[in-house]
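Residues per chain, in single letters:
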Amino acid sequence: MLDIHKIEKKWQNYWEKEKIYKFNQKSKKKIFSIDTPPPTVSGKMHMGHAFSYAQMDFIARYKKMQGYNLFYPFGTDDNGLPTQRLIESEKKVKAQNMKREHFIKLCLTNLVSIRKKYIEDFKKIALSCDYDIFYSTINDHCRKISQLSFIQLYKQGREYRKEAPVIWCPECQTAIAQVELEDKELTTELIDVVFQINKKNIIISTTRPELLVACVAIFVHPNDKRYKELIGKKAAVPLFKFKVPILKDLRVDMEKGTGIVMCCTFGDQTDVDWYKAHKLPLKTALTKDGRMTKLAKKYSGLTIKEARKEIIQDLKKQNLIKKQKQITHVVNVHERCGTPIEFIHSKQWFIKYLDLKKDFLKNGKQLNWYPKFMINRLENWIKGLQWDWCISRQIPFGIPFPVWYCKKCDEVILATPNQLPVDPLIEKPPIKKCKCGSTEFIPEKDIINTWATSSLTPQLAVQLMPKKLWKKLFPMSLRPQAHDIISFWLFNTLVKSQLHYKKNPWKDVMISGWALDPKGKKMSKSRGNVIEPQEIIKKYSADCLRFWASSSKLGEDLPFHEKELVSGKKFIIKMWNASKFVFMHLKDYNIKTKKPKLETIDKWLLSKINKIIKNSTAYFERYEYSKTKADVENFFWNIFCDNYLEIIKDRLYNPKTRGKESRKAAQFTLYTTLLTILKLMAPIMPHITEEIYQQYFKKYEKIKSIHTSEWPKYNAKAIDKKIEKLGDKAIQIVAKARQYKTKNKKSLKTEIILTLEKEKIKELSDFMQDIKAVTNAKEIKQGKFSIKLK
């Protein structure tokens, strides 16, 4: 009885114990290095992880079988806001209500147990990383590299600290970068509000009436004849009654709303641009936790939604609303919590890179993209960049900036490299006196954004190795990742690599799609459509889950349908049963004997399997694992099992009739073909292929795992198109005989009389014995094609 779950656990333990996936630091083999995505620690692996990490692993296993010394590390991304929110949720606490040091200790303590369980999930899908090459983005090793990166870029003049408008999340109470925004459709009220100019009314459309108190100007298009005479005048802001100038700007959309726009500090990116371009005053209407400031007078302390509601009511009471309607529009929200973002004037750290956009576009083109069209996502992102990279975050948990400030002159004091990793809130600066003479210093409280550390994953992994290996491992061979974080992780890693080393961090990039629910929707807790891979593994197996993941072309989103897992399970059972049949007939086979003289049907099969080897190798080199899966699956079911195994039974069971040499030829072909099928499927279904390999082939192949064995070699001499064509014709006759028996509700063992044309008998003379045996034909007559029951 096949117990696939028991088998999977057995081989997972074996691989770990025998160090099957260990990177050999002393090997002289060519290295293939993978910049493994460090999954964000979220409690447990989700289906998106299982889907994309399995696809990455198909390639890793293939490269190992191709003879590469595989550098395939594993890390976890467990610093910054995602981890903070996880601990807050699990422990029912709020970071801002705890002492910083107590919250950090709580995070670090709980991460130990969470991380261990989390990593086990990845081992259960047979992710073949070398788990001894491990990093956590919050450990000392990573903190040191991240802080050193900051120091180096600061000295290059690429980092600066500035008080300026920044994108802000009121829920997480921290600045965020442009890359951390998502578009979300929300319903709100669009109102036409009355402003006054010397008792004359002008109408302005807005969805943000709560920002009226922060209005600093009104803008019209210089070519808009409706409002030309208003330019230079002042208008009174409703409810608050202070006056603001009416200015002209080409960025005003004359077709949108009433064609006249209020500028507040700040409602959106355009407000920020106008504020800078026209040197407008700053009015702060919102606090960092999303409430109205004292500037809002009677509305002070209200949340944004509360203030919006009350202000609309007050405007109505004074007849200052001409029109009101509910609309649905797209709003930028924080991708971590889904909260609509605001723009707050705040002092933050930035990496200057807008001046390098053209260089980054060029760098992106130098990468080998799989699939090719994914480069469009990177290029669209780079072209749309409007802000330098804000890398500071106002949260307690993360990697601290290695910075102090002089209390007197605000001079930046950097830690020295030998101090790293450092926490300036605990440790003292490397100098006792500033050049201004002051001896008092203020430590930086902010932490470095997690993406500024995750963008260093090549270094985090490579620098775990002895220094002599660094140049061999970097740039890395491959970056595998999902398409949704091209603008996050891929772009930022490219940026850091170019700024530090003036080279791309990898040669190839492999972009996977998303695992969707059965209706083609993104899985999320809020939708209630999450399918957990842990449950699917329990119900089917890890190999079945990987089989499903391999059915999608690279880069394509794949809806989850259990029928593909059912197909995977059937494939496993059939492979198991077919192997048992083969092994039963190989008991007396001596692999060391001279290659026997093959019969034509053997040559037919070996020609076809060699075509599969050639194509599958080319597919894997292009990261097209799904084509290998489809071809091997079709070959195994339709050619090997349905036809070849049935055809050679007569030779296997009746050696006296067909001859011992004929039986040996069948045995040779069985051994060669089954081992090839196992190797071709090993990257996709590692457990069942290992089980079958270990049961029989290991004692002859002398390799301790199928995953360290050699990838099948293509034999051009085995290809014979003529024999393939003739063999296919023979199979067609066999198929017709089977159809005839099935149609007449007869057993496939029922004897028949088969009549074939003279030319056909002559053409297929080498196959006649096999056709007669497999169709159970009492005789094969010459004449017009027909099948009759005996």
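This one's a predicted model, so the numbers in the text were calculated from it and none came from an experiment.

A.B. asks: Pulling in residues and values, what's your account of the overall build of the protein chain?
C.D. replies: Tallying secondary structure elements over the protein chain gives 25 helices and 29 strands in all. Taken along the three principal axes of its C-alpha coordinates, the protein chain extends 110 × 65 × 45 Å. Counting every position in the protein chain, which comprises 790 residues, the buried fraction comes to 56%. A separation of at least 24 residues holds for 77% of the contacts in the protein chain among residues at least 6 apart in sequence. Surface exposure of the protein chain reaches about 36900 Å², of which carbon and sulfur atoms provide 50%. Across the protein chain, the 149 positively charged side chains and the 86 negatively charged ones have centroids separated by 2 Å.

A.B. asks: Run through a positive patch on the surface, naming residues and quoting values.
C.D. replies: There is a patch of like positive charges on the surface, built from Lys26, Lys28, Lys468 and Lys472. In this structure, Lys26 sits in the loop between helix H1 (4-17) and strand S1 (31-33). Residue classification places Lys26 among the exposed residues on the basis of a relative accessible area of 76%.

A.B. asks: I'd like a rundown of the sheet that holds strand S24 (residues 506-512), residues and numbers included.
C.D. replies: Spatially, S15-S24-S23 is the arrangement adopted by the three strands of the open sheet, whose pairing is parallel. Only two strands of the sheet have a single neighbouring strand rather than two, namely strand S15 (368-370) and strand S23 (476-482). Strand-to-strand twist in this sheet, taken as the mean axis angle between neighbours without regard to direction, amounts to 20°. Relative to S24, S15 is paired through three bridges, and the arrangement is parallel. Across the sheet, Tyr370 pairs through a bridge with Met510, a residue of S24. In this fold helix H2 (residues 47-65) packs onto S23 and S24, with an angle of close to 140° to the strand it touches most, S24.

A.B. asks: Lay out the pattern of salt bridges in plain terms, naming residues and giving numbers.
C.D. replies: One pass over the structure, following the stated rule, counts 49 salt bridges. Glu599 is the salt-bridge partner of Arg651, the closest N and O atoms lying 4.0 Å from each other. On the criterion of sequence distance, the pair formed by Arg651 in helix H19 (residues 649-653) and Glu599 in the loop between helix H16 (562-584) and helix H17 (600-621) is long-range, its members being 52 residues apart. The network of salt bridges with shared partners includes Glu599, Asp602, Asp650, Arg651, Arg658 and Asp770.

A.B. asks: How would you explain the packing of helix H3 (residues 81-91) against helix H4 (residues 100-124) if you had to name every residue and give the values?
C.D. replies: It is at 10 Å that the axes of H3 and H4 come closest, and there the two elements cross at 85°. Between H3 and H4, the crossing angle belongs to the class labelled roughly perpendicular. Taking contact as the criterion, the partners of Thr83, Gln84, Leu86, Ile87, Glu88, Glu90 and Lys91 in H3 are, on H4, Phe103, Leu106, Cys107, Asn110, Leu111 and Ile114. Taken together, the residues of the contact of H3 with H4 sort by class into seven nonpolar, three polar and three charged.

A.B. asks: Give a description of unusual backbone geometry that names residues and reports values.
C.D. replies: Omega for the peptide link from Leu420 to Pro421 comes to -5°, which places this bond in the cis form. Topologically, Pro421 is positioned in the loop between strand S20 (412-414) and strand S21 (441-443). Phi is positive for Asp410, close to 65°, though the residue is something other than glycine. Turning to its location among the elements, Asp410 is positioned in the loop between strand S19 (403-406) and S20. The phi angle at Lys702 is positive, at roughly 65°, despite the residue not being glycine. In this fold, Lys702 is placed in the loop between helix H22 (686-701) and helix H23 (721-743). Taking relative accessible area as the criterion, Lys702 reaches 67% and is therefore assigned exposed.

A.B. asks: Account for the nonpolar core, with residues named and values stated.
C.D. replies: Within soluble globular proteins, side chains that are nonpolar tend to cluster in buried spots. Core analysis: the largest hydrophobic core is formed by 194 residues, its most contacted members being Met47, Phe71, Trp369, Trp548 and Phe640. Sequence-distant contacts of Met47, that is, excluding residues within four places in its chain, are made with Ala515, Met523, Ile531, Glu532, Pro533, Ile536, Leu545, Trp548 and Phe560. Within the second largest apolar cluster, 44 residues are counted, among which are Phe195, Ile204, Val237 and Leu286.

What counts, and where the lines are drawn
- Residues numbered from 1 in each chain as written.
- Predicted model: local features only at pLDDT ≥ 70, side-chain atom pairs only at ≥ 80, totals over all residues.
- Heavy atoms only, no water.
- Helix = DSSP H or I, 4+ residues; strand = E, 2+ residues; numbered from the N terminus.
- Buried < 20%, exposed > 50% of the residue type's maximum accessible area, 1.4 Å probe, protein only.
- Contact = heavy atoms within 4.5 Å.
- Areas by Shrake-Rupley, 256 points an atom, 1.4 Å probe, with all protein chains shown as cover.
- Lys, Arg positive; Asp, Glu negative; His and termini not counted.
- Charge placed at Lys NZ, Arg CZ, Asp CG, Glu CD.
- Patch = residues over 30% accessible without salt bridge, like charges linked within 9 Å, V, L, I, M, F, W, Y side chains within 5 Å.
- Salt bridge = Lys/Arg side-chain N within 4 Å of Asp/Glu carboxyl O.
- Pairing = 2+ DSSP bridges.
- Axes fitted to C-alpha atoms, helices over the stretch in contact; angles between N-to-C directions.
- Parallel < 35°, antiparallel > 145°, perpendicular 65-115°, else oblique.
- Nonpolar A, V, L, I, M, F, W, Y, C, P; charged D, E, K, R; others polar.
- Core = buried A, V, L, I, M, F, W, Y, C linked by side-chain atoms within 4.5 Å.

Keep in mind these values describe shape, not function.
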